[in-house]
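# Coordinate inspection notes
The lines below spell out each chain.
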Amino acid sequence: MEDMLFYDRMQFAFTITFHYLFPQLTMGLSLMIVWFKWKFLRTQIENYNEAAKFWMKIFAINFAMGVVTGIPMEFQFGTNWAKFSELTGGIIGQTLAMEGMFSFFLESSFLGLFLFGEKLLGHKLHFITGFLVFLGSWASGYLIIATHSWMQHPVGYEILENGKFVLNNFSALFSNPWLLPSYLHNQLASIITAAFVVSAVGAFYLLNNKHSDFGKLFLKTGVIFGLVSSVLVAFPTGDLVAKNVVKHQPVTFAAMEGIFETEEGGSEIVLIGQPNILEKKLDNKIAVPNILSFLTYQEWDAEIKGLNEFDPNTYPTNIPGLYYAYHIMVGLGTIFIGLMFLAAIQLFRKKLFTTKWILWALLFMVPFPYIANTTGWYTAELGRQPWLVYNLLRTTEGISPTVSSGNTLFTLLGFIGLYLLLGLLFLILVGKIIYKGPQTIKH
Amino acid sequence: MELFWYIVLMCMLTVYVILDGYDFGAGIVHLFFAKTEKDKKAITNAIGPFWDANEVWLIAAGGVLFFAFPTLYAASFSGFYLPLIMILWLLIFRAIGLELRGQIHNKIWETIWDKAFGIASLLLALFFGIALGNVVRGVNLGMVTDGVSAHEPHYFFLPLWNPTFSPKAEHLGIIDWFTILLGVIGVIALTIHGANWIIYKTNSELNTKLKSIIFKLNFALLALVVLSLFIWHIIEPQPFHNFIKTPWLWIFPIITFTGLFGLFKVRTFKKDGMGFLFSSLFLFGGITSTVASIFPKLLPSTNTTNPDLTIYNMAADAYGLSVGVNWFIIAVILVAVYFTIQYKVFKGKMDNVGYGEH
């Protein structure tokens, strides 16, 4: 039983972590492609169209990876988490079925047209198909976050005698207070990933003295998108998400921030520290007094509950994991704002394209938005543990009763092998496209 | 309400089989009959812009199954754990085979992905036939041994096979001689279907050869379908029970055989789309006849201790099902619009679209 839960959780964590590497880029990138195409329609400058086509090519490979790694996510609800599906399917099945019907069809139908249809359709219609692909990918994010929000903060349900959750208010699923802040926060984080990828390719071209026109275009666009999104991801959206956690999952908030004891006269914000579960304190702490209280309640001396105020049975299962995930996300987010701010100043002073160290920094940063996005998800998901549906259904109660741990281990290993291969192929192909550069695409 | 969603689900699955079925079939044709680079190109061009959207029908049907019949989703997905995960892996292989092949021009690279695409398509066709066989044959619900259930009445787990390969064994496996028979029917039917699609969408040099292959395979298909009908009574004591009770259901088998007999005239069709029409009729009729024969069961129980899984005891709550109808109708209209646009833009022969070079 213990083994089974462990392998089931590992498999889901592994497959979803790998899967989300792709849509987080495609959601942001589709917006930027639409932007390039739009600029082309407005200005008729051919480079914008070439830029759209170049990123479309990378988008297509990312999209394909996202699709093939996404199908297992849907299957796993039934294969590995059968009891959870049985009990909550009447509710989360609703949002997941809507995702299939409303977003996947839209995306996949128009992606084909977008990729093959430029000549057949003309630029205006081509722009519209691109916009519809963007709309589909964002709708997909919305319905997934709606599902996620219901698990974090269940609404519009009742529980029958046999333990089944049934829906009694459809619109509540979409007016869930958890939904909108999480959705915007998540979408902005995807724009950050795309902006960093686009700027890094730009920086690569300039440092390499190749495709310099495109390098400049990518850098300019990437930095502007990057600055705006990295500021908005922290404030107001990140702030609103955190306030939801304080309000609805206070024990999670205490663990995220590493507050073991409630402090009188307001809580300090911890910049660096290591949770020590045995002694119930943070080791090696660097903190600024009272800031957390202010950020949370806009009062310097507001009291924030520490873990000591809660029943230990309700603690998140992995406090250090949660704490680190959260702090890595926040720390990286701060670095993103700083770097994009500096880059934007240089852009404004028309010196960005020659400031070598910023170009190198932007190139070096590529993996970090992915890490920040992933740790962000971990914060949300580890924060919810030990619950599948917060406070109502435990993770231990959700696994498939008839699938033994050996089967799950076998399929976990299979997924690891397959995904390593996919990841390698992906890097080779995208590397090749980037190296060849724009204007190499024959249509 | 349950009936509405049951019909929706069956329609979606049938649409999926007809659409993604021609992709699988094209893959099988690719594996066995494509000798030259030109043949291969004709085949991938014929399915290039479509296969991705076709596959969405599976994901969407999965979503609808999850939402409308959550208990069935839970029971069957965990019960058929191993084959389903393998189907996933095959779907992944087939998709990346198609996507990646054209990205690098190297003989070995291309051969690897050609084979991945072809073999995965073949195995998927086989597995889907086997899956249909499992649904018809039923499973040991609750995993009952000597009258005692090891699990809740609807949970089960099937190994890939048991040593006897018999559909009447106490401990059933996924693969036995009956399900393999349906698997082979699946492979042949989809090969024919895929070949018809290629004929319809391209002016390939393969086309004449494909017509004679379809003609020959059709004999095998007819023979196996008749054989499977004959041995059906081993699996189901009264195979025609529903048809006797509700005579209008005969329309489905009639459609099946219309499609099947129509295919024998493949070499004399004036229009290239006719063959595809008949193989679609065959698939539509075959699936609907099969599900009509077990209705209202979704998964029959092979033991007498636990009841069959039916559309009534597996459905979600009434409120959820009824609000779902509203968004579903809007969604289906949108989907119809997308597909109309897509098939209109890419109408006619696809020889010059140049898939794989985007």
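Up top you'll find the structure we're talking about.
Below or above, wherever it landed, is the structure these notes cover. Quantities reported herein were computed from a predicted structural model and do not represent experimental measurements. (Residues numbered from 1 in each chain as written. Chains lettered and ligands numbered in written order. Predicted model: local features only at pLDDT ≥ 70, side-chain atom pairs only at ≥ 80, totals over all residues. Heavy atoms only, no water.)

### Overview of the overall build of chain A
Assigned secondary structure in chain A consists of 14 helices and 6 strands. For 443 residues, the compact-globule formula gives about 22 Å, and the C-alpha radius of gyration of chain A, at 23 Å, lands near that figure. On the principal axes, the C-alpha backbone points of chain A span a range of 65 × 50 × 40 Å. Every one of the 443 residues in chain A was classed for burial, and the buried ones make up 62%. Counting contacts in chain A only where the partners sit at least 6 residues apart, residues at least 24 apart contribute 76% of the total. Carbon and sulfur atoms make up 66% of the accessible area of chain A, which totals about 17600 Å². (Helix = DSSP H or I, 4+ residues; strand = E, 2+ residues; numbered from the N terminus. Rg over C-alpha atoms; globule rule 2.2 N^0.38 Å. Buried < 20%, exposed > 50% of the residue type's maximum accessible area, 1.4 Å probe, protein only. Contact = heavy atoms within 4.5 Å. Areas by Shrake-Rupley, 256 points an atom, 1.4 Å probe, with all protein chains shown as cover.)

### Brief notes about the overall build of chain B
In terms of helices and strands, chain B carries 12 helices and 4 strands. A globule of 358 residues ought to have a C-alpha radius of gyration of about 21 Å, and chain B, at 21 Å, matches this closely. Expressed as lengths along the three principal axes of its C-alpha atoms, the size of chain B is roughly 60 × 45 × 45 Å. Each of the 358 residues in chain B was classed as buried or not, and the buried ones make up 62%. Within chain B, residue pairs in contact and separated by at least 24 positions form 77% of the contacts whose partners lie at least 6 positions apart. Working note: accessible area of chain B is about 14000 Å², and carbon and sulfur atoms make up 72% of it. Placing the 23 positive and 21 negative side-chain charges of chain B at their respective mean positions leaves the two points 14 Å apart. (Lys, Arg positive; Asp, Glu negative; His and termini not counted. Charge placed at Lys NZ, Arg CZ, Asp CG, Glu CD.)

### Focus: the packing of helix α6 (residues 107-137) of chain B against helix α7 (residues 177-201) of chain B
All names here are of chain B. Remark: α6 packs on α7, axes separated minimally by 7 Å, with the N-to-C direction vectors making an angle of 135°. As far as their axial angle goes, α7 and α6 are oblique. Handedness of the crossing formed by α6 with α7: right-handed. Within the contact between the two elements, α6 uses Leu122, Ala125, Leu126, Gly129, Ile130, Leu132, Gly133, Asn134, Val136 and Arg137 and α7 uses Phe178, Thr179, Ile180, Leu182, Gly183, Val184, Gly186, Val187 and Leu190. When its residues are assigned to classes, the contact of α6 with α7 shows 12 nonpolar, 6 polar and 1 charged. (Axes fitted to C-alpha atoms, helices over the stretch in contact; angles between N-to-C directions. Parallel < 35°, antiparallel > 145°, perpendicular 65-115°, else oblique. Left-handed = near helix turned anticlockwise from the far one by under 90°. Nonpolar A, V, L, I, M, F, W, Y, C, P; charged D, E, K, R; others polar.)

### Digging into helix α5 (residues 123-152) of chain A
Helix length check: α5(A), at 30 residues, gives a terminal C-alpha distance of 43 Å against a target of 44 Å (1.5 Å per residue), a fit within 8%. Across the 30 residues of α5(A), 21 count as buried, placing the element largely inside the fold. (Expected span 1.5 Å × (residues − 1).)

### A short note on the interface of chain A and chain B
Each partner contributes residues to the interface: chain A has 68 residues there, and chain B has 67 residues. Together chain A and chain B conceal approximately 6100 Å² of surface at their shared face, both sides included; 78% is due to carbon and sulfur atoms. Three residues, A:Met101, A:Phe105 and A:Phe116, lead the burial of chain A against chain B; their summed loss comes to 12% of the area buried on that side. The interface formed by chain A and chain B includes 1 salt bridge. Between B:Glu152 and A:Lys83 there is a salt bridge, with the nearest N and O atoms lying 2.7 Å from each other. Taken together, the elements giving at least two residues each to the side of chain A that touches chain B come down to α2 (46-79), α3 (82-116), α4 (118-121), β2 (165-167) and α14 (405-436) of chain A. Among the elements that take part in the side of chain A that touches chain B, α3(A) stands out by supplying 25 residues, more than any other. (Buried area = accessible area lost by both parts, 1.4 Å probe. Salt bridge = Lys/Arg side-chain N within 4 Å of Asp/Glu carboxyl O.)

### Let's talk about the packing of α2(A) against helix α8 (residues 212-248) of chain A
All names here are of chain A. At a closest axis distance of 11 Å, the pairing of α2 and α8 adopts a crossing angle of 80°. Between α2 and α8, the crossing angle belongs to the class labelled roughly perpendicular. Each of Asn47, Tyr48, Glu50, Ala51, Phe54 and Trp55 in α2 lies in contact with α8, whose residues at this interface are Asp213, Phe214, Leu217 and Phe218. Of the residues that constitute the contact of α2 with α8, the class distribution is 7 nonpolar, 1 polar and 2 charged.

### With respect to the nonpolar core
Formed by 239 residues in total, the largest nonpolar core has its most connected members in A:Trp55, A:Phe218, B:Trp5 and B:Phe69. Counting residues in hydrophobic clusters, the runner-up holds 27 residues, among them A:Ile259, A:Val270, A:Ile304 and A:Ile319. (Core = buried A, V, L, I, M, F, W, Y, C linked by side-chain atoms within 4.5 Å.)

### Remarks on the pairing of strand β4 (residues 281-288) of chain A
Two elements, strand β3 (residues 269-276) of chain A and β4(A), share 6 bridges in a ladder whose sense is antiparallel. Opposite A:Ile272, over in β4(A), you have A:Ile286 as the bridge partner. (Pairing = 2+ DSSP bridges.)

### Quick look at the environment of A:Thr252
Residues and elements named next belong to chain A. Mapping threonine 252 onto the fold places it in helix α9 (residues 250-257). Threonine 252 sits 121 residues away from asparagine 373 along the chain, and the two C-alpha atoms are 19 Å apart. Setting aside residues up to four positions removed in sequence, threonine 252 forms contacts with Val245, Pro316, Leu322, Gly383 and Tyr390.

### Thoughts on the pattern of salt bridges
If you walk through the whole model with that rule in mind, you get 17 salt bridges over all chains. Close ionic contact of B:Asp272 with B:Lys211 constitutes a salt bridge, the shortest N to O distance being 4.0 Å. Placement of B:Asp272 in the loop between α10 (251-263) and α11 (273-294) and of B:Lys211 in helix α8 (residues 207-235) is noted, with a sequence separation of 61 residues between them. Connected via shared salt-bridge partners are A:Lys37, A:Glu50, A:Lys53 and A:Glu118.

### Here's the deal with the packing of aromatic side chains
Evaluated as defined, the whole model comprises 76 aromatic pairs over all chains. Note on B:Trp5 and B:Phe67: the rings are 4.9 Å apart at their centroids and 85° apart in plane angle, and the pair reads as edge-to-face. Of this pair, B:Trp5 sits in helix α1 (residues 2-33) while B:Phe67 sits in helix α3 (residues 51-68), and the two are 62 residues apart along the sequence. Assigned by exposure class, B:Trp5 and B:Phe67 land together as buried. Three or more aromatic residues joined by ring pairs make a cluster, and in this case those are A:Phe105, B:Tyr22, B:Phe50, B:Trp57, B:Trp197, B:Tyr200, B:Phe276, B:Phe339, B:Tyr343 and B:Phe346. In this arrangement the basic side chain of B:Lys201 is found over the ring face of B:Tyr200, its NZ or CZ atom lying 5.6 Å from the centre. (Phe/Tyr/Trp six-rings, centres within 6.5 Å; stacked < 30°, edge-to-face > 60°. Lys NZ or Arg CZ within 6 Å of the ring centre and 35° of its normal.)

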